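Chains, contacts and geometry: an overview
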Amino acid sequence: MRFENPISIEKIAAIIHAKVIGDATQLTTGINEIHRVEKGDLVFVDHPKYYETCLQSAASFIIINQEIPCPSGKALLVVEDPFGAYQKIVDHFRPLRPSLKPISDSAVIGAGTVVLPGAYIGNHVQIGKNCLIHPNVTILDHCIIGDDVIIQAGTIIGSDAFYYNKKTNRPVHYKKMKSCGRVLIENEVEIGAACTIDRGVTSDTVIGAGTKLDNQVHIGHDTVIGKNCLFAAQVAIAGAVTIEDEVILWGQVGVNKTLRIGKGATVLAQSGVPGDLPGNQIYFGTPTEIANEKKRERVWIKRIPALWDKVMRAQ
Amino acid sequence: MRFENPISIEKIAAIIHAKVIGDATQLTTGINEIHRVEKGDLVFVDHPKYYETCLQSAASFIIINQEIPCPSGKALLVVEDPFGAYQKIVDHFRPLRPSLKPISDSAVIGAGTVVLPGAYIGNHVQIGKNCLIHPNVTILDHCIIGDDVIIQAGTIIGSDAFYYNKKTNRPVHYKKMKSCGRVLIENEVEIGAACTIDRGVTSDTVIGAGTKLDNQVHIGHDTVIGKNCLFAAQVAIAGAVTIEDEVILWGQVGVNKTLRIGKGATVLAQSGVPGDLPGNQIYFGTPTEIANEKKRERVWIKRIPALWDKVMRAQ
Amino acid sequence: MRFENPISIEKIAAIIHAKVIGDATQLTTGINEIHRVEKGDLVFVDHPKYYETCLQSAASFIIINQEIPCPSGKALLVVEDPFGAYQKIVDHFRPLRPSLKPISDSAVIGAGTVVLPGAYIGNHVQIGKNCLIHPNVTILDHCIIGDDVIIQAGTIIGSDAFYYNKKTNRPVHYKKMKSCGRVLIENEVEIGAACTIDRGVTSDTVIGAGTKLDNQVHIGHDTVIGKNCLFAAQVAIAGAVTIEDEVILWGQVGVNKTLRIGKGATVLAQSGVPGDLPGNQIYFGTPTEIANEKKRERVWIKRIPALWDKVMRAQ
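Residues numbered from 1 in each chain as written. Chains lettered and ligands numbered in written order. Predicted model: local features only at pLDDT ≥ 70, side-chain atom pairs only at ≥ 80, totals over all residues. Heavy atoms only, no water.

This brings us to the relation of the copies chain B and chain C. Rotating chain B by 120 degrees and translating it 0.0 Å along the rotation axis places it on chain C, where the RMSD comes to 0.0 Å. One copy is carried onto the other by what is essentially a three-fold rotation axis. Comparing interface residues between copies, only 20% of those in chain B also sit at the interface in chain C, which points to a heterologous contact through distinct surfaces. (Least-squares fit on C-alpha atoms with pLDDT ≥ 70 in both. Contact = heavy atoms within 4.5 Å.)

Okay, structure coming up:
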C-alpha cells in the first residue's frame, strides 16, 4: 500500500503506540511485502528468525517487537505486537467503508467500457477503455483494470488474501491479517467466468498484459503473473508466487506459494508445482518433474511385475 | 429438519398415506439423517439391507416399504415408496416459496452487519452481529449465520444437496431428493469468494467457530466441520463428512463422503482422502498415506531402473 | 451458428472481402466446427495440414488462405487471414450488443418458471416451463434451456469459449476467437451452484436430458454431454469433448479436449482423462487406467522394497 502522501514516522508511531529507535522525523511512503520492499517502505516482523532479513532489506522502517540496534538511515518502531500494529495502520489508512451502491461514485470507468447488470464496482476502482465487465462480476475497492480487458460473469477481483496469523495458544486459532494491497490487471487481459483474484496483503497482485485465464481460476494474494500467459480452467495459484511471461498452465494445475515459474514453462494438467521451475520446459506430475522423465517413470512402474518374475525365477 | 412444533404420527401418516404399525398418537419432532438421528426423529428406508440399522437407531419413527415387526416404543409408517413419502413431507413442511425480493422480509440481520449490493438473503435466514456479506453472495432459505462472520463475494450458502435416488430401470436416471436441512455457520468463520456450501438433506451442514475457508471451496450436504480448521483454495468435501477441530486441508484436496478426519490432521495439497484419517498426522497422495511414507515411495520408484540393471547383470 | 435465413456466398464474400472459387450463388445456412459440420455449412482453415480434412468434410464452403482446386458442389472463399474473416462473420451476424437490463426484452421464459433476484437473462435466451433459476445466475445471449431445469445460484451459462489464435511472432501472444455458438440445456437437467458452461465457438455446447451437475463444474466450449450423466463437484471438461449417456464422473475429475467417453463409463475422483475411454468400465488415475489395474499397480509399487531386499541378498 502506497500512502497518498508521505507520512512521518512520528505519526505512524503515534498510530501504533511505538517507541522509535532512530530518526523519527523521516517520511515513509508505504507498507510492503518483504520480498517487494523499497526504500521508504515500512515492514513488520515479530520473530527474531526474520529480524536480519528485515534489517538488511531495502525497507527504511521496521515495526519490531524488540529493542535492537538500528542500522543507520533506518528507524525501528518497537511495539509488543507488530501484527496488531500492522492492523492499526490498515484501519487508519484503508478503513473498511465499502460502497453501498452497485457502482461507487469514486470509481472511474473509461470510454467505451460496458458494465453489465449485477456487476459491483467498489470505491476508487479504475477501469480503462473498451473493457467488457460481464454480469454479476465483483470488483472491490482500489483495484485497477487496464484497457481492452474482458472479465466474464461471476468473477471476483480483489477478494481478501487468505492470510492469517496463527495463534498457537490453545485452542489453535487464526487471526485475519487485513489486506491493504490491490489487484492490477494490465491491458488486453481476459479473465474467465467465476474466477477469484485476491488482492495483495500489502503489495499488489498483478496480471500481466495479454494474459488469458479460463474459468474458475484462483490467483492468490501478492502473486505477480507475467505477460501473455495462458491458464486453463480450475488452475489455483497460492500467494506471493512469481510467474514469468508466456507460461502455460493446463487445467487443474496447483501452484504452491512464494515460488517462481520461469518464462515459457508449460505445466501439464492436474500437476502440482511444489517449488521453482526453470523456464522453457514442459512439466508434469505432483510434485512436478520434467514431463518426459515422469512419463518414463510410468514405464518403469509397469515393469515391476516382470522384474518380480525374473527375481523369483532366479531364486 | 426440526418441525416448528411436534407433529402427531397420525398427521404424518395422513400426509404420506401410510399405514401405521405401533402407536399413532406419538409426536415426532423432525426428520433426520440416520447417522445423526435422535429420539423423536423420523427416518426413511427402502432397502431390507438397511432395515435393522434404522430399527436399532435412536429414531422413533421409520418410514418403510414393508410390514415388519415394530420394536416397542417406536412406530413404523408403511408406504410403497419411502423416498416419495419423504418428498411429500418436505413439500408439506418446507414448500418451495423463495423470496422474490433480494432480502426477504423474514430474514433477521444483526446489528453492525453490512450486506453489500447484489447479495440475496432468503426467507428465515438469520445473520448475527458484525458480519460482512460481500457483493453477489447468495444465502438461501433457513440458513443461520453467527456473529463476526465474513462471507466474500459470489459465495453461495445453502445450495441444494447433490443427492439423487438412482432409478435403474432403463434408462438409468436420477430423481432429485429435496433438501430440507440447513447450513449453520458459527461465529468468526470466514468464507472466501465463490465458495459453495450445500444445505443438509434432512440434517444441517455445519461450519465450526473460527474456521477459515479460502476461495472456491465446496462443502457437501450434511458435512460437519469443527472449529478453527483451515481449508485452502479449491478444496472439495463430499456429503455427510465429519471433520474434527483444527484440521488443515491444503489446496485442491478432495474428501470422499461419509468419512471422518481426526482433530489436528493436515492433508497436503491435491491429495484425495478415500476413508477415515486419524488426527495429528500429515497425509499426502491419492489415496492419502502418511506423508513421509508417500515420500519414501517416490524414492523407491526412482530406484526401479537401478534394480532392473542389477537383475539384468545377474542373469 | 445457424443464420436466421440462408445467406448467399456472394454476400459472405463481400463481408470478408474474399475471392470465390466455385459457385458464388449458392446459399449457406451457418458456420460450424469441423467435427460437427453439415451440408450448407461454412468452415475456415488456415493451415495446409488441415486443408484436406476441410475439403473432404460435409461443409459446402471453405474459407481458406490459398487458391487450390475446389471440389465440385462446393465453393472456396480465399482470404489472407481466415481467422480474421471468421471474426468478421461473427461481428456481422452476432454483433456484441448485450442487454443492459437484467432480463432482456427478447428473452422468452416459460410458464411456471421462477427467476430469482440477481439473475441475468440475456438477449434471445429461451427458458422452458417449470424451471427454477436461482439468485445471481447469469444466462448469456442465445442460450436455450428446456423444461423442468434447475440452475443453482451463481452459475454462468454461455460464457465465451477459452479459444485463442496463438501468434508466435515475438512476443508469443493470443488473439481471442469470438464465440458465436450457444449452450443448449435439455429437459430435467440440474446444474449446481457456481458452475460455468461455455458456449460453443461456432457449434453448440449441449447438456443432455436428465443429466445432473454438482457445484463448481466447468464444461468447455462445443462439448456435448449425453443423457442421465452425473458429474460431481469441481469436475472440469475441456472443449469439444463428447460424453455419451449415463457417464459418471466423480469429484475433481479433469477431461482433456476433443475426446470421447463411452456410454456408462465411470471415472473415479481426481482422475485425469487424456484420451478416449470405452464405455461400461470404471477408470482411475492420471492418466486414467482401468481402476482395478491401477489399484494393482499400487500393490506392485509397495513391493519394491521387498524386491530390492531379495536382489541385494542374492548378490
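All names here are of chain A. Taken as a whole, chain A is organised into domain 1 (2-93) and domain 2 (108-294). On the domain 2 side, the residues contacting the 11 residues of domain 1 number 14 residues. Here domain 1 and domain 2 share an interface that buries about 1,200 Å² over both sides, 50% of which is from carbon and sulfur atoms. Considering only the side of domain 1, the residues that lose the most area to domain 2 are Glu33, Arg36 and Gln87, jointly responsible for 41% of the buried surface there. Between the two partners, domain 1 and domain 2, sit 1 salt bridge. For the interface between domain 1 and domain 2, the tally reads 9 residue pairs in polar contact (both at pLDDT 80 or more). Counting residues per element, the side of domain 1 that touches domain 2 draws most heavily on helix H3 (residues 82-93), which supplies 5 residues. (Domains from an automatic or database assignment. Buried area = accessible area lost by both parts, 1.4 Å probe. Salt bridge = Lys/Arg side-chain N within 4 Å of Asp/Glu carboxyl O. Polar contact = N/O pair within 3.5 Å; in protein donor to acceptor, adjacent residues only side chain to side chain. Helix = DSSP H or I, 4+ residues; strand = E, 2+ residues; numbered from the N terminus.)

Residue and element names in this part refer to chain B. Helix H3 (residues 82-93) packs onto helix H1 (residues 9-16) with a crossing angle of 110 degrees between their chain directions and a minimal axis gap of 9 Å. On the basis of the axis angle, H1 is roughly perpendicular to H3. On the side of H1, the interface is formed by Lys11, Ile12, Ile15 and Ile16, while H3 contributes Ala85, Lys88, Ile89, His92 and Phe93. (Axes fitted to C-alpha atoms, helices over the stretch in contact; angles between N-to-C directions. Parallel < 35°, antiparallel > 145°, perpendicular 65-115°, else oblique.)

This part covers H3(B). Residue and element names in this part refer to chain B. Relative to the 16 Å expected for 12 residues at 1.5 Å per residue, H3 spans 17 Å between its end C-alpha atoms, a close match to the ideal helical length. Taken together, the buried positions of H3 are Pro82, Phe83, Gly84, Ala85, Tyr86, Gln87, Ile89 and Val90. The residue sitting at the N-terminus of H3 and contributing the capping side-chain oxygen is Asp81; that oxygen lies 3.2 Å from the backbone nitrogen of Phe83. (Expected span 1.5 Å × (residues − 1). Buried < 20%, exposed > 50% of the residue type's maximum accessible area, 1.4 Å probe, protein only.)

Taken together, the contact pairs 51 residues of chain B with 40 residues of chain C. Taken as a group, Phe162(B), Tyr174(B) and Trp300(B) account for 20% of the area that chain B buries against chain C, more than any other trio of residues on that side. Between chain B and chain C we count 5 salt bridges in total. The partner of Glu190(C) in a salt bridge is Lys176(B), with the nearest N and O atoms 3.7 Å apart. In this assembly, chain B and chain C are joined by 24 residue pairs in polar contact (both at pLDDT 80 or more). At the level of elements, strand S15 (156-159), strand S16 (164-167), strand S17 (173-176), strand S20 (196-198), helix H4 (291-302) and helix H5 (304-314) of chain B are the ones that each hand at least two residues to the side of chain B that touches chain C. Here the element with the most residues in the side of chain B that touches chain C is H5(B); it accounts for 4 residues.

Let us look at the interface of chain B and chain A. At the interface, 40 residues of chain B touch 51 residues of chain A. Taking both partners together, chain B and chain A bury about 3,600 Å²; carbon and sulfur atoms supply 64% of that area. Taken together, chain B and chain A are joined by 5 salt bridges. Where Glu297(A) meets Lys302(B), a salt bridge forms, and the shortest distance between an N and an O atom there is 2.6 Å. Counting residues per element, the ones that place at least two in the side of chain B that touches chain A are strand S22 (212-213), strand S25 (230-231), H4 and H5 of chain B. Sorting elements by how many residues they give to the side of chain B that touches chain A places H5(B) first, with 6 residues. Taken together, the residues that form the side of chain B that touches chain A break down as 23 nonpolar, 11 polar and 6 charged. (Nonpolar A, V, L, I, M, F, W, Y, C, P; charged D, E, K, R; others polar.)

This part is about the confidence of the model for chain A. Mean pLDDT for chain A: 96, with 100% of residues reaching 70 or above. Both scores are available for the predicted complex, with the pTM at 0.97 and the ipTM at 0.96. (pLDDT = per-residue confidence, 0-100.)

Under the definition given, this model contains 8 cavities of 30 Å³ or more. Within this model, the largest cavity holds a volume of roughly 980 Å³. In this structure, the largest cavity is lined by 40 residues; those nearest its centre are Gly285(A), Thr286(A), Gly285(B), Thr286(B) and Thr286(C). Going through the elements one at a time, helix H4 (291-302) of chain A, H4 of chain B together with helix H4 (291-302) of chain C are the ones with two or more residues in the lining of the largest cavity. Here the residues of the lining of the largest cavity are counted per class, giving 7 nonpolar, 21 polar and 12 charged. (1 Å grid on protein atoms, 1.4 Å probe; cavity = no way out; pocket = protein on both sides within 12 Å on 5 of 7 lines; lining within 4 Å. Points joined across faces, edges and corners; volume = space filled by probe spheres on them.)

Our focus in this paragraph is the sheet that holds strand S18 (residues 182-185) of chain A. Here we have 8 strands laid out as an open sheet, ordered S7-S10-S13-S18-S21-S24-S27-S30 (chain A), and parallel in their pairing. Since the sheet does not close on itself, it has two edges, and those belong to strand S7 (108-109) and strand S30 (260-261) of chain A, each with one partner. (Pairing = 2+ DSSP bridges.)

It is worth spelling out the environment of Val255(C) at this point. Residues and elements named next belong to chain C. Inspection of the secondary structure assignment puts Val255 in strand S29 (residues 254-255). According to the relative accessible area criterion, Val255 is buried, its value standing at 5%. It is 21 Å that separates the C-alpha atoms of Val255 and Gly181, two residues lying 74 residues apart in sequence. Discounting chain neighbours no more than four positions away, the residues touching Val255 are Ala236, Ile237, Ala238, Val241, Leu249, Ile261 and Val273.

On to the side chain of Thr28(B). Residues and elements named next belong to chain B. Mapped onto the elements, Thr28 comes out in strand S3 (residues 27-31). Taking the relative accessible area as the measure of exposure, Thr28 reaches 0% and is therefore buried. Of note is the side chain of Thr28, whose polar atom sits 3.3 Å from the backbone oxygen of Gly30. Ignoring anything within four residues of it in the chain, the contact list for Thr28 reads Phe3, Pro6, Ile7, Ile9, Ile12, Gly40, Asp41, Leu42 and Phe61.

Below, the discussion takes up the packing of aromatic side chains. For the coordinates displayed, the defined rule picks out 18 aromatic pairs over all chains. Centre to centre, the rings of Tyr164(B) and Tyr174(B) are 6.5 Å apart; their planes meet at 75 degrees, and the pair counts as edge-to-face. With Tyr164(B) in strand S16 and Tyr174(B) in strand S17, the pair connects residues that are 10 residues apart, well separated along the chain. Residue Tyr164(B) shares its accessibility class with Tyr174(B), and that shared class is buried. Each ring, one from Trp300(B) and one from Trp308(C), has its centre 5.9 Å from the other, and the planes form 70 degrees; the classification is edge-to-face. (Phe/Tyr/Trp six-rings, centres within 6.5 Å; stacked < 30°, edge-to-face > 60°.)

Our focus in this paragraph is the environment of Gly84(C). Mapped onto the fold, Gly84(C) is located in helix H3 (residues 82-93). Along the chain, Gly84(C) and Asn165(C) lie 81 residues apart, while their C-alpha atoms are 9.9 Å from each other.

All names here are of chain A. The two faces of strand S21 (residues 204-207) match: Asp204 and Val206 on one face and Thr205 and Ile207 on the other face are all buried. As paired elements, S18 and S21 share 4 bridges and run parallel to each other. Its bridge partner being in S21, Val183 is matched across the sheet by Thr205. The sheet contact formed by S21 and strand S24 (residues 224-225) spans 2 bridges and is parallel. Within the sheet, the bridge partner assigned to Ile207 lies in S24 and is Ile225.

Residue and element names in this part refer to chain A. Spatial strand order, S1-S3-S4-S5-S6-S2: 6 strands in an open sheet with mixed pairing. Here the strands that pair on one side only, and so sit at the sheet edges, are strand S1 (2-8) and strand S2 (19-22). Along the sheet, successive strands turn relative to each other by an average axial angle of 35 degrees, direction set aside. Pairing of S2 with strand S6 (residues 75-78), which is carried by 4 bridges, proceeds in the antiparallel orientation. Within S6, the residue paired with Ile21 across the bridge is Leu76. Against the sheet, helix H1 (residues 9-16) contacts S1, S2, strand S3 (27-31), strand S4 (41-45), strand S5 (61-64) and S6, and its axis sits at roughly 95 degrees relative to S1. Running at roughly 145 degrees to S4, H3 makes contact with S1, S3, S4 and S5 of the sheet.

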